[in-house]
Amino acid sequence: MKPTAEYSQETNLIQLGVGVDERTGAISLPIHPSATYRHPGVGESTGYDYTRSVNPTREVLEAGMAKLEGGARGLAFSSGMAALTTFFLHFSQGDHLVVSEDLYGGTYRVLDQVFANFGLTVTYVDTTNSAAVANAITNQTKALLVETPGNPLLGIADLAALGQLCGERKLIFAVDNTFLSPILQRPFEFGADVVIYSATKYLGGHNDLCAGILIAREKELGDQLYFLQNSTGAILPPFDCWLLLRSLKTLTLRIKRHCENALIVARWLEQHPKVTDIYYPGLERHPGHELSCKQASGFGGMVSFRVESDALARAVLKRLQLISFAESLGGVESLMTLPAVQTHGDIPEAERKRLGICESLLRLSVGTESVEDIIADLEQALA
Ligand SMILES: *Cc1c(COP(=O)(O)O)cnc(C)c1O
């Protein structure tokens, strides 16, 4: 293989897998479905024994993600939840975690309804308030898990301040970077120890793949997480690894377009008379705007907004034509959802109300279609 260290991140992404198969020189990485491999002799290995442990297609994806993020080890899972679950398995009974309250609903569910049964305790805090995070830390606290921008209200946490806090208190600092991707935000530069992705979203980018990624900054933690991946087995299958590798080649281009479209859509929604609140970090009025400019190189493609009434929110979802009323985000196709009922339905109602996730709040994943078409659809749906 040619040395790649001197290339830009964008080039490295496009070159993922190119020429790895030296026998054929294939540009597109071969998919290796083989579950098992011949041993040359007793106690000898080609480096490939059994696909759960190592797979030649998955290892290119995992190494590529580690390099892209600037970490020691990358791991690919069958979903974002599988990646998060494997991260949580790193902890033991009695351990305490501090977690963002503006959080993906499934992460809340697995902590609240699965890991609670194993004695893992969690405090949910407003991680846009670093002092609140510091106050939530106890002697049992082992890690901080942050989503920034938050979901669905897109609050911005101060990664540098939280990284410093975790360093001082010897906590594992984990960032779910799903909303921005490594193109826009690089948590390791702010002291994060683990970066987590639902690759179902921007990394996959076409609403046709469910996958998750964990990347550890240090080899030691990476090896411990690999032990858990291999022991519990929620690996990403070879075909899906190939699909994700193919998607990553256009990640830079797609993210650029998502950002451009989302800013135009957010500005349009901002002036709409039936839109009462708008949440997009790219707007100057957003409380996290300045922080966002400091720690990320773009604002992403997610826009949340409140409309006049719950009834109007429901009507908008019914009237949409181009934009699909569907869960998920980060694909080239624009999607809209009602977080209170869909993605965040598992968060108790009182808690949702306190957070402001009411039934007039809509979350739009701005796709890469022509922005005029997206706006025309919003215009007719809001009429
Ligand atoms: C979707 C999502 C997850 C869960 O990922 P899956 O791939 O659906 O399992 C976790 N975190 C965030 C921020 C997400 O948007």
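Since this is a predicted model, take the numbers as computed values, not measurements.

Engineer: Could you give an account of the site of the ligand, naming the residues involved and the relevant values?
Structural biologist: In the vicinity of the ligand there are 14 residues, among which M81, D176, S198, T200 and K201 approach most closely. One of the side-chain nitrogen or oxygen atoms of S198 is found 2.8 Å away from an oxygen atom of the ligand. Relative to its free-state accessible area of 380 Å², the ligand is covered by the protein chains to the extent of 93%. The dominant element in the shell around the ligand, judged by the number of residues it contributes, is helix α3 (residues 80-88), at three residues. Split by residue class, the shell around the ligand holds six nonpolar, five polar and three charged.

Engineer: Give a detailed account of unusual backbone geometry, specifying residues and quantitative values.
Structural biologist: With omega at 0 degrees, the peptide bond leading from T148 into P149 counts as cis. Its place among the elements puts P149 in the loop between β4 (141-147) and α6 (159-169). At the junction of N151 and P152, the peptide bond is cis and its omega measures out at 10 degrees in the coordinates. You can see P152 is positioned in the loop between β4 and α6. If you check the backbone angles, S181 has positive phi at about 70 degrees while not being a glycine. At N207, a position not held by glycine, the phi torsion is positive, near 55 degrees. Mapping N207 onto the fold places it in the loop between β6 (194-198) and β7 (212-216).

Engineer: Before we move on, could you go through the packing of aromatic side chains and cite the residues and values that matter?
Structural biologist: All chains considered together, the criterion is met by seven aromatic pairs. Residues F87 and F91 carry aromatic rings whose centres are separated by 5.3 Å and whose planes lie at 85 degrees to one another, so their mutual orientation is edge-to-face. Residue F87 is classed as buried on the basis of its relative accessible area, which comes to 1%. Judged by its relative accessible area of 11%, F91 falls in the buried class. Centroid distance F88 to F115: 5.6 Å. Interplanar angle 70 degrees. Geometry classified as edge-to-face. Taken together, the residues F88 in helix α3 and F115 in the loop between α4 (105-113) and β3 (121-125) connect sequence positions 27 residues apart. Of the two residues, F88 and F115, neither departs from the other in class, the shared state being buried. Counting every residue linked through ring pairs, the aromatic cluster contains F87, F88, F91 and F115. Above the face of the Y226 ring, R73 is positioned so that its terminal group lies 4.2 Å from the ring centre.

Engineer: An account of the nonpolar core is requested, with residue identities and associated values reported.
Structural biologist: By size, the foremost hydrophobic cluster in this structure holds 58 residues, and its most contacted members are L61, M65, F173, L203, I213, L244 and L248. Here this core gets six residues from one element, more than from any other, and that element is helix α9 (residues 238-248). Taken domain by domain, the makeup of this core includes at least three residues from each of domain 1 (7-248) and domain 2 (251-382). If we skip the residues at most four places from it in the chain, L248 touches L13, L16, L61, M65, L203 and R254.

Engineer: So what's going on with the sheet that holds strand β10 (residues 324-325)? Which residues, and what values?
Structural biologist: Read from one edge of the open sheet, five strands run β8-β9-β12-β11-β10, paired in mixed fashion. A strand with exactly one partner marks an edge of an open sheet, and here the two such strands are β8 (275-279) and β10. Taken together, the two bridges between β10 and strand β11 (residues 335-337) define a ladder with parallel strand orientation. Opposite F325, over in β11, you have M336 as the bridge partner. Taken strand by strand, helix α12 (residues 310-319) contacts β9 (302-307), β10, β11 and β12 (361-365), and its axis lies near 30 degrees from that of β12.

Engineer: Describe in detail the packing of helix α2 (residues 56-69) against α9, supporting the description with residues and values.
Structural biologist: It is at 8 Å that the axes of α2 and α9 come closest, and there the two elements cross at 40 degrees. Where α2 crosses over α9, the handedness of that crossing is left-handed. Residue-level contacts link T57, R58, V60, L61 and M65 of α2 to P238, C241, W242, L244, L245 and L248 of α9. Along the lines of polarity and charge, the residues of the contact of α2 with α9 split into nine nonpolar, one polar and one charged.

What counts, and where the lines are drawn
- Residues numbered from 1 in each chain as written.
- Predicted model: local features only at pLDDT ≥ 70, side-chain atom pairs only at ≥ 80, totals over all residues.
- Heavy atoms only, no water.
- Near = heavy atom within 4 Å.
- Polar contact = N/O pair within 3.5 Å; in protein donor to acceptor, adjacent residues only side chain to side chain.
- Areas by Shrake-Rupley, 256 points an atom, 1.4 Å probe, with all protein chains shown as cover.
- Helix = DSSP H or I, 4+ residues; strand = E, 2+ residues; numbered from the N terminus.
- Nonpolar A, V, L, I, M, F, W, Y, C, P; charged D, E, K, R; others polar.
- Phe/Tyr/Trp six-rings, centres within 6.5 Å; stacked < 30°, edge-to-face > 60°.
- Buried < 20%, exposed > 50% of the residue type's maximum accessible area, 1.4 Å probe, protein only.
- Lys NZ or Arg CZ within 6 Å of the ring centre and 35° of its normal.
- Core = buried A, V, L, I, M, F, W, Y, C linked by side-chain atoms within 4.5 Å.
- Domains from an automatic or database assignment.
- Contact = heavy atoms within 4.5 Å.
- Pairing = 2+ DSSP bridges.
- Axes fitted to C-alpha atoms, helices over the stretch in contact; angles between N-to-C directions.
- Left-handed = near helix turned anticlockwise from the far one by under 90°.

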